[in-house]
Amino acid sequence: MVPPLRHGNRFRARAGADSDAAEAVCDQRRRDGHRSWRVHGRAADGAHPALLRRGLAGYDAGPRIHSVPAHARVAVRGRLGVAVCRDRRVSPLARPFARASRSLIRRARPVPVPACSLYCNFMLRLRFAPSPTGYLHVGSARTFIFNWLYARRHGGTMILRIDDTDLERNTEQSLNSIFEGLEWLGLGWDEQYRQSDRLALHKQLAEAILEKGLAYRDFTPADVDDAEKTNSGGPWLFNPGQREIPREESDHRAAMGEKFVLRFRVPREHEETVKFHDLVYGEQAKETRDIEDFALLRSNGAPTYHLASCADDADLRISHIVRGQDHLTNTFKHILIFRAAGVEPPAFAHLPLLVAPDGSKLSKRRHGPVVSVTTYRDAGFLPQAYMNFICLLGWSPKDNREQLSPEELTAAFSFEGVNKSNAVVNFTEEDPFDPKAVWLNAEHLRALAPESLAEQLLPFVQRDWPDATPEKMAAVTPLIRERIRLLGEVRSVADFFFQPELAAYDSTELIPKKGDAALALRVLEEARRALENAEFTHDGLETALRGAAETLGIKAGQMFEPVRVAVCGRKTAPPLFGTLEVLGRDTCLARVEQAAAKLTEKN
RNA sequence: GGCGCUAUCGUCUAACGGUUAGGACAGAGCCCUCUCAAGGCUUAAAUACGGGUUCGAUUCCCGUUAGCGCUACCA
């Protein structure tokens, strides 16, 4: 049986003996009757000194552990920590995920640790419980993020639980896609469970509820009730006759192998109101006469979502359930289950839904890949920008800030700021991304150090030009960083840097404003001379080309235009002198000569 | 149908009884400028509707309308 919730201790993490050393040990122990576990945090070289001082390195490495090791040792590396799971021993519950976990750990990126978690709060346990029936979509991602934010904000524990009780609809592919999405977000979690590993627990709870007389067996065959249910006008509450079957008869029929659904016996003897306080929606109440006798166990013996979810939430000591508003009315049923289990219900926070521009629910079938977070990843969104955007959907820091880093989000997050009405993700068929998301991404891109931006850009460039080098990328990056909004745009903005031969362009493009082909040719010839002799730096090139314009007696703009087209193959491009500098004298001369040839050919 | 939730510019949102209803994105215009961006300035744009309560309602209450959710042996 599920033991009642017990109040744990607020745990204050302490640094190791020498708080200035590059090693901090965080030794945590907890006994709750079900398991006890300890985590050793070992901060390797370069862990953030502030964290070491607070002794947080070990604990805050937590989010980097992607399994539930009974005894895990965690190393923290880098300025803000990448954890490496040193201990391969994985608890039986997590074993199915062990392989995925290792790859996640290998590829984990450092994640900023909020300055506000001054202690680890063992009371505070949040969970994200996706069901693997599709890819991770934006709404789920937001639910995950809000859970994570709240957990990190208050030093709690973040739990990932795969809700896969519906075996028929679950797919391995979907599971992978969820992990892919979460991996990209790079936020991590502390503990991980899979519901299908815990069926015994669910059955135990069902059993206990039946024993208490709070549930009954419904022997109505699955196909019978549908017709009656829908045409009866009022709400369906229960199948007639089934509630009253005496326990002995019920036991007997079950023993004889008759199929049944285990239903919760919602109290109907007298009027009663089920109440709870929602952190977002406030006081909620519903009459028991409006709640139907919902199923706990299906006729194949499998637990329903309601049962499995509550049993696990109780067993895992979940303190706050943060989930989509589509569960708001289900919560009354869950309260009833918790009550029947003899467990104090957790706190609830329901989140407004994310909807399509026409107000309909975001769905794969109707809206396509825009609902999947991997689409954003592939287009070149930065995870922190995506997180920023998604947080602003249904939540506000209330101080007019729009651009927030993950740390700032963590520090600012609270359920008070969560809005009650659904938020529209503004996309169209031509433009699959919300313009605000794109703008935020551009902002985050520019906030990145040039070196790390170059690093992120390189894989996108290499999709088209595998030979691109990090050095070249580093040189190009400053020229384009203000001209791209998504990492993926680098391919169309910087193509001429990486392409050996320029794509074909119309030679009339070379003709400057208020000029003709003859002028263009003169400009290119003068430019060639200038480029041959110029010092190949930004300033040297500017002096040379401006001088050339003067020699020809034309405006500087008329000079630059043909050169730009000759070198870039189009009129809109990054600033000219920097571009020439990066391209180098040989390439520039060759392209200018080619352009001149193009013009003469035509005449 | 029953029950529940929600309602501020095109979109995301602020204003928890007193504001010329604020900010951001997207749009328009101007400036800057070697093109394109970035940046700066300016501009247009909202309290769903009807009743109350109040000296005063975006804000509180009621109704209408609309949208969403739940109403499954899906989650």
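None of the values given here were measured: they were computed from a predicted structure.

Thresholds, definitions, all that
Residues numbered from 1 in each chain as written. Chains lettered and ligands numbered in written order. Predicted model: local features only at pLDDT ≥ 70, side-chain atom pairs only at ≥ 80, totals over all residues. Heavy atoms only, no water. Helix = DSSP H or I, 4+ residues; strand = E, 2+ residues; numbered from the N terminus. Buried < 20%, exposed > 50% of the residue type's maximum accessible area, 1.4 Å probe, protein only. Contact = heavy atoms within 4.5 Å. Areas by Shrake-Rupley, 256 points an atom, 1.4 Å probe, with all protein chains shown as cover. Near = heavy atom within 4 Å. Polar contact = N/O pair within 3.5 Å; in protein donor to acceptor, adjacent residues only side chain to side chain. 1 Å grid on protein atoms, 1.4 Å probe; cavity = no way out; pocket = protein on both sides within 12 Å on 5 of 7 lines; lining within 4 Å. Points joined across faces, edges and corners; volume = space filled by probe spheres on them. Nonpolar A, V, L, I, M, F, W, Y, C, P; charged D, E, K, R; others polar. Domains from an automatic or database assignment. Axes fitted to C-alpha atoms, helices over the stretch in contact; angles between N-to-C directions. Left-handed = near helix turned anticlockwise from the far one by under 90°. Arc of directions from axis to C-beta. Pairing = 2+ DSSP bridges. Right-handed = clockwise from strand over helix to strand, strands pointing away.

Turning next to the overall build of chain A. Tallying secondary structure elements over chain A gives 24 helices and 18 strands in all. Here chain A holds 603 residues, and the buried ones make up 53% of them. For chain A, restricting intrachain contacts to residue pairs at least 6 apart in sequence, the fraction spanning at least 24 positions comes to 75%. Of the roughly 27,600 Å² of accessible surface on chain A, a fraction of 50% belongs to carbon and sulfur atoms.

Here we take up the protein's contact with RNA strand B. As a structural note, the neighbourhood of RNA strand B is formed by 66 residues, with R298, G394, E482, R483 and R564 the closest of them. Sugar plus phosphate: this is where 69% of the atoms of RNA strand B within 4 Å of the protein reside. N330 places a polar side-chain atom, nitrogen or oxygen, 3.1 Å from a base nitrogen of RNA strand B. Between RNA strand B and N422 there is a distance of 3.3 Å, counted from a sugar or linking oxygen to a side-chain nitrogen or oxygen.

What follows concerns the layout of surface pockets. Approximately 1,500 Å³ is the volume found for the largest pocket. Taken together, 48 residues make up the lining of the largest pocket; nearest its centre are S131, T133, H137, S140 and D326. At the level of secondary structure, the elements contributing two or more residues to the lining of the largest pocket comprise strand 7 (125-128), helix 4 (138-153), helix 5 (172-185), helix 9 (305-315) and strand 15 (320-324). At five residues, the largest contribution of residues to the lining of the largest pocket is made by helix 5. Of the residues assigned to the lining of the largest pocket, the class counts are 15 nonpolar, 20 polar and 13 charged. Both domain 2 (126-157 + 172-182 + 352-447) and domain 3 (200-351) contribute no fewer than three residues apiece to the lining of the largest pocket.

Contact geometry of helix 22 (residues 556-568) with helix 23 (residues 576-583) gives a least axis separation of 11 Å together with a crossing angle of 40°. In terms of crossing hand, the pair formed by helix 22 and helix 23 is left-handed. Contact residues: helix 22 offers F560, V563, R564, V567 and C568, while helix 23 offers L576, F577, T579, L580 and L583. Residue composition of the contact of helix 22 with helix 23, grouped by class: eight nonpolar, one polar and one charged.

Among the residues of helix 17 (residues 470-480), those classed as buried are M473, V476, T477, L479 and I480. Down the axis of helix 17, the buried side of the element spans an arc of 160°, and every buried residue falls inside it.

One non-glycine residue, R317, adopts positive backbone phi at about 55°. Topologically, R317 is positioned in the loop between helix 9 and strand 15.

Now for the side chain of T477. Secondary-structure assignment places T477 in helix 17. Here the side chain of T477 touches M473 through a polar contact of 2.6 Å, landing on its backbone oxygen. In this structure, T477 is in contact with P450, L453, A454 and L457, ignoring residues within four places of it in sequence.

A few words on the pairing of strand 16 (residues 347-351). One face of the sheet, then the other: side chains in a regular strand alternate in exactly this way. Counting buried residues along strand 16, four of its five residues qualify, which places the element largely inside the surrounding structure. Bridge count for strand 15 against strand 16 is five bridges, and the pairing is parallel. Looking across to strand 16, one finds that G324 is bridged to L351. At this point the chain moves from strand 15, through helix 10 (residues 330-341), to the parallel strand 16, and the crossover so formed is right-handed.

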